[in-house]
Each structure stands twice: as C-alpha cells, then as structure tokens.
Amino acid sequence: MASICAALLTACLYAGLISWLSSISEVRLYSAAQLGVAVFYGVVLAAWAGAEAGFYLGSKLTPYSALADEEDAGMSELGASVGSGAGSRTASGTVDSGGDDSGSVVSGVECPLVSDVKSEPLELSAQPTLFGLKHSHLNVLRAMGEFTLIMGYVYLCDRTTCIPKGAKVHSRLNFWGLNGVILLIALCTLRAAPQRGPVETAAKPLQRDQTEEWKGWMQLMFILYHYFVATEIYNAIRIYIAAYVWMTGFGNFSYYYIKRDFTLVRFVQMMWRLNFFVFFMCITMNNEYMLYYICPMHTFFTLTVFIPLFIGHRYNSSDLVCTMKIGISFLVAVLLYHVPAVFNAVFSPMMALLRFEDPLHPEFNSDPLHEWFFRSGLDHLVWVFGMLCALCYPWFERKLSEVEALPRERRLATKGAVVGCVLAVLFGWRLRYFSLGKRQYNAVHPYTSWIPILCYLILRNLSPLMRTYSMHLFSWCGKVTLETYILQFHIWMKTTGLNGSPKYLMVWVPDHYWINFALTSAVYFFVSYRVFKITVVLRDACIPNETADIVRRAGSIALGSAAFYAIGLALQSL
C-alpha cells in the first residue's frame, strides 16, 4: 500500500511539474515522441518512488532472513554439541575426528558439517519482491530515475525561460589564458601507467591512459572553442575531430584484430555506448540526430571497421588479408564520397535518420543529406589510416624497442634525427595547408589530416618516460567526451531552439562572468560524469549475455517504445 501511495503521489507531482515546464517553455508544439517519452519518464519516476518506499518499509519489518538467522543459531549449537564428540575442524577445512577418517559420520549417524547447515537456509530463501520487482532491481531503477531527472534539467535549461541566456564573448586572452591554467593544473596530475618490468621494456606506445589524455585535452579545447567563439583555431578543431575518427579506426581494428570478438553482445554494447544518450536527447528535445553529428559519424565509421573485419574473420590472423581489407576499405570510401550517385544511393534509405534542416542555414535545406555529406566527408579517409596504424602497431613498438636498445650516443642521435624530420614535416604542412582559410582548408583536410596525427603519435611516444606518464585530469575528461559534447549544447550553453546551435551562454549569475562560468562548468562536468556512469549501469542491465536473450529483449523494448509512441499520438490528438 505504501509503495502504491508513493507511486501515485510521485505521478501527481510529475504531472504538475510537466504542466509548469509547459507553461514556461519556449516551444509550444510537441511531437508524439516527445509526449510519449514524457509519459515514460513519469512511469519511471513513479516506479522508482514506489520501489524505494516499499523496500524501505519492508526493511523495517522483521525480514525472513532474521528468522533464518535464529534457525541457524539453533543448528549451530546442535552442530557444536555434536562436533564436540567428533573432533574439530582444522584450518584446511577437514574435520579432525580423533583418528576417525569419516569426519562427517558420528556413531554411524550421518551429520552435516556446521558450515553446510548455515548455508542451507540462505539458499532456500528468495529475494523479497514488490509487484514483480526484486531488491536487486533497485539500483537500475535509481539509475533510470536519475537519468529522468537529468533530462528534465536539460529541458529546463535550454527550452524554457527559467534560466536566462547571454551573449558569447570572444576574447583570445580569455581563451588561451584559461587553456594555459588548465594545462598547469593538468601537469600537477601526472601519473605513471601500471608497469611490468623495467620502464624501457614496459612502457608501450599508445597506452590507454595516453589515448584518454589525448581525447581529454582535445575535447576541452573543442568545447572552449565553442564557448569563447575562438574561430581562429577552426583548422585545429578539424584536426581534433579527425583524430577522434582516427581513434575509431585504430581502436576498433585493434580490438577485433586481437580479441576476435564478433559476438552480437559486444556489437550491441558498442552501439549502446554511442547512441543511448543521444537517442533520448533527440526525442526529449525534438532535435534531429545530425545536430549531434559526432554520434552518427562515430557510429558509421565503427560499422565501416566492423564489417570488413567481420567478413572472413577467420583469416584475420594473416597480415596480408588484413592489408587487403584495409585497401578495399580505402577504395570503398573513395567510391562512396567521390561519386555522388553512389553516396545518394547508399544513404537515401536512411534519409529519415541522417537528414538535417538547419534553421540558421536554410540555403542548404534543399538537400537533406548535405550536412551528413559535409561532416562525414571531411574525415572519410582518416579512419582507414587508423586501421593501417593498428595493423602496423607491432612494427612501431618493435622499432621503438630497437631504438631504446642502442648505445646512449646512438640512441640520442637517432631520436634527434627523428624529431628533426617530424618537425620539418610539421612545419611544411603548416605552411602549405594549415595556414589556409576555412573553406580552402576544408577542401584539403580529408587528404592531409593524417600528417599531424602521425607526427603527434611519433613525438608523444618517442621517449619511454613520455609513454609512461599521462595527465590524469585530461585522462578523466577523455572518458566523458561523448557526454560533454552533447551536454554542452543544453546545460553549459543555450541553443537557438529546435535543431539550433549553442549560440548563447547559460547565465546563472548575471554580470559576474567568471563566477557564472565556474558554476555552470562544475554542474556541466558533474552531470556529464553521471550520465556516463548511468549509461554503463543501464547497458549492463539491458543487454543480456546470450544472443537469443538479446533478440527477445530488443523485441520487448521495441514493443514498449511503440506503446509509448501510441500514447504520445493519442495525447497529441487531444
């Protein structure tokens, strides 16, 4: 009864909250999907509150386990009295019976050991349930409830007039000064990766902490670029995005090449990580998928790595076969993006998912796939380079080991020569390509972005000390890049509305720029981290370990989604 009352009270409060949000919302028309997901959020909150109340009150009553403990105590006394005549348990777990090898037989009567008696009531007892929910389900409900509250906060920040918006301030001093301060703080968080053996042999290139650090510092500059309108580093931002796509090719190829795990479980988990949050964000805010273009890009390029490696994967142990697959992938990418008829034929069936109507640039809306072609086309080759780097990784590691094995003078000379060549290549790339204007640079970016990436890889991994240490602050930020990318639109800045870009700042404290920046940034990163954790919890809860169970679970989710969408359609017609 208490759980039902708590659920009904929560549902009433939620209905009042939704009514209030609607009254202050800047958007008055709601899609059927929005209305359906709003009902779903209400059901989640009601179920969460009911479960919390029911299990809390249940824990205050005398549980069955307490009766079991009393029975255990009685059986323990019985076992002790019997055991006193038969000997005592030794440290190894056997019974010292005073010369009798039977151990569990006393005077011809079979008697279970005390430990066996204790475990039996616990095995027979079942978890308490509440309307079919077990106590073990409570953590999942809590995660779903917290996620619902976060989505409500996102809507409140960006779609209502509750929190004012302010103009962005372009300042090179603020942008570079803040980046410098962040770098100094990050240097104070230097940590060594776990090592086995001497540093010279244990410090492998491109360790996980290093790649997370790489993602982290690029992501911070990327979001600060938006916050401070630092348009002067546009070309650098393009390189950062290319580096993310390179990691998609490198990381996925390395995983499938080494682990050879092509199971449906692994694939679904990967897709969940990339699209769970953005799926609910698109529905809740009524935005198109392509507004958050990083998500469809990484999803697509993950598939383009998975598919060639999955085909004939029993032959992936052959470097020749893998090289051929990489070559074919390159040719397919060229064909797809350099022959318009092929691009349209492949992606037109996915028009509903990949279309984008930009309210700020209506001149491009005549071609719904324009945004997808532009965004994915900028990096349509660098993922192939990532696959190639993954294939060549053992060679790269071996060459670094050979350099470290040289005598000191030759080692320093060799490293100096490598650094000199790399810097010369970087200097030439900067003069020839990186210094171009925005449009001119975009034209050459797909074919030249691999140059600075390769140079960074070599310089970052040339020394064992540099391979060993990473800045933990950046590594931490690198774990939540997906969440910080999406949430920057809505709870750190404010968009222009449906499908809008974050053209405004969210203002909590008017006329106090840096205080406002600090407060909104703290909440922004905290919420990003919580969404990351919730995504993992719900992934583990929703994706079973068996293929047949995954299919059944997917069917149940599809039916549930259809039901809530039908409810949304009904509400929309009222």
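The structure we're discussing is the one just above.
Here the structure is a predicted model, which is why all the values come from computation and not from measurement.

Chemist: Explain the overall build of the protein here, please?
Modeler: When helices and strands are tallied, the protein shows 24 helices and eleven strands. Looking at the protein as a whole, 43% of its 574 residues are labelled buried. Within the protein, residue pairs in contact and separated by at least 24 positions form 79% of the contacts whose partners lie at least 6 positions apart.

Chemist: When you look at helix 12 (residues 319–338) in this model, what are you seeing that I'm missing?
Modeler: In an α-helix there are 3.6 residues to a turn, and that puts residues three or four apart on one side. An ideal rise of 1.5 Å per residue puts 28 Å on 20 residues; helix 12 measures up with 28 Å between its terminal C-alpha atoms. Turning to helix 12, its buried residues are Cys322, Lys325, Ile326, Ser329, Ala333, Leu336 and Tyr337. Viewed along the axis of helix 12, the buried residues span an arc of 100°, placing them on a single side of the element. The exposed set on the far side of helix 12, more than 90 degrees from its buried face, consists of Leu320, Ile328 and Leu331. Buried residues along helix 12 sit against helix 9 (234–259), helix 11 (294–310), helix 13 (340–347), helix 15 (370–378) and helix 16 (382–404).

Chemist: Is there a simple way to explain the pattern of salt bridges in this structure?
Modeler: Between side chains of opposite charge, a pair can form as their charged atoms come close. The full count for this structure, using the stated rule, is 17 salt bridges. Members of the salt-bridge network, linked through shared partners, are Arg208, Glu212 and Lys215.

Chemist: Is there a simple way to explain a nonpolar patch on the surface in this structure?
Modeler: On the surface, Leu183, Leu184, Leu187, Leu190, Leu465 and Tyr469 cluster together to form a nonpolar patch covering roughly 570 Å² of accessible area. In terms of residue count, the dominant contributor to the nonpolar patch is helix 6 (residues 172–187) (three residues). By secondary structure assignment, the location of leucine 187 is in helix 6. Judged by relative accessible area, leucine 187 falls into the partly exposed class, the value being 40%.

Chemist: Teacher, can you tell me more about the environment of isoleucine 150 here?
Modeler: Locating isoleucine 150 in the fold gives a position in helix 5 (residues 138–159). On the basis of relative accessibility, which here comes to 8%, the residue isoleucine 150 falls in the buried class. Look past the residues within four positions of isoleucine 150 in its chain and what remains in contact with it is Val527, Arg530, Val531 and Ile534.

Chemist: Teacher, can you tell me more about the packing of aromatic side chains here?
Modeler: Remark: the centre distance and the inter-plane angle together describe each pair of aromatic rings, the angle taken between the planes. One pass over the structure, following the stated rule, counts 55 aromatic pairs. With a centroid separation of 6.1 Å and an interplanar angle of 20°, the aromatic rings of phenylalanine 222 and tyrosine 485 are classed as stacked. You can see phenylalanine 222 sitting in helix 8 (residues 208–227) and its partner tyrosine 485 sitting in helix 22 (residues 481–492), a full 263 residues away along the chain. Comparing phenylalanine 222 with tyrosine 485 shows no difference in burial state: the two are buried. Between tyrosine 256 and phenylalanine 262, the ring centres sit 5.0 Å apart and the planes meet at 15°, which makes this aromatic pair stacked. The class for tyrosine 256 is buried, based on a relative accessible area of 0%. The rings of Phe175, Trp176, Tyr227, Phe228, Trp492, Tyr513, Trp514, Phe517, Tyr524 and Phe525 are connected pair by pair, giving a single aromatic cluster.

Chemist: Sorry if this is basic, but what is going on with the packing of helix 9 against helix 11 here?
Modeler: The packing of two helices is summarised by the inter-axis angle and the distance between the axes. The N-to-C vectors of helix 9 and helix 11 enclose an angle of 30°; their axes lie 9 Å apart at closest approach. The orientation of helix 9 with respect to helix 11, classified from their angle, is roughly parallel. In this structure, the crossing between helix 9 and helix 11 has a hand that is right-handed. Packed against helix 9, whose contacting residues are Ile241, Tyr244, Val245, Thr248, Gly249, Asn252, Phe253 and Tyr256, the element helix 11 presents Ile294, Met297, His298, Phe301, Thr302, Val305, Phe306 and Leu309 at the interface. Grouping the constituent residues of the contact of helix 9 with helix 11 by class yields eleven nonpolar, five polar and no charged.

About the cut-offs
- Within each chain, residue numbers correspond to sequence positions counted from 1 in written order.
- Only residues with pLDDT of 70 or above have their local features reported here, since the model is predicted, and side-chain atom pairs are shown and tallied only from 80 upward, although totals for entire chains, interfaces and linings are computed over all residues.
- Values reported for side chains reflect all heavy atoms of the structure, with hydrogen atoms and water molecules removed beforehand.
- In DSSP terms, a helix is any run of H or I states spanning at least four residues, a strand is any run of E spanning at least two, and both are numbered starting from the N terminus.
- Under the scheme applied here, a residue whose accessible area is under 20% of the maximum for its type counts as buried, over 50% as exposed, and between as partly exposed, the area being computed with a 1.4 Å probe on protein chains only.
- In this analysis, two residues are considered to be in contact whenever any of their non-hydrogen atoms come within 4.5 Å of each other.
- One fewer than the residue count of a helix, multiplied by 1.5 Å, yields its expected span.
- Arc definition: directions from the helix axis to the C-beta atoms.
- Salt-bridge detection follows one rule: a side-chain nitrogen of Lys or Arg within 4 Å of a carboxyl oxygen of Asp or Glu.
- Patch definition: residues above 30% relative accessible area lacking any salt bridge, with like charges linked at up to 9 Å and the nonpolar side chains Val, Leu, Ile, Met, Phe, Trp and Tyr linked at up to 5 Å.
- Method for areas: the Shrake-Rupley scheme with a 1.4 Å probe, in which residue coverage is limited to the protein chains shown.
- In summary, the pairing rule links any two rings of Phe, Tyr or Trp, Trp by its six-membered ring, whose centres are within 6.5 Å, and it sorts them by plane angle into stacked for under 30 degrees, edge-to-face for over 60 and tilted for everything else.
- Every axis in this analysis is a line fitted to C-alpha atoms, fitted for helices over the stretch in contact. Angles between the N-to-C directions lie between 0 and 180 degrees.
- Note on angle classes: values under 35 degrees are labelled roughly parallel, values over 145 roughly antiparallel, values of 65 to 115 roughly perpendicular, and the remainder oblique.
- Helix crossings are classified by the rotation of the near helix relative to the far one: an anticlockwise turn of less than a right angle makes the crossing left-handed, while a clockwise turn makes it right-handed.
- Put simply, Ala, Val, Leu, Ile, Met, Phe, Trp, Tyr, Cys and Pro go in the nonpolar bin, Asp, Glu, Lys and Arg in the charged bin, and everything else, Gly too, in the polar bin.

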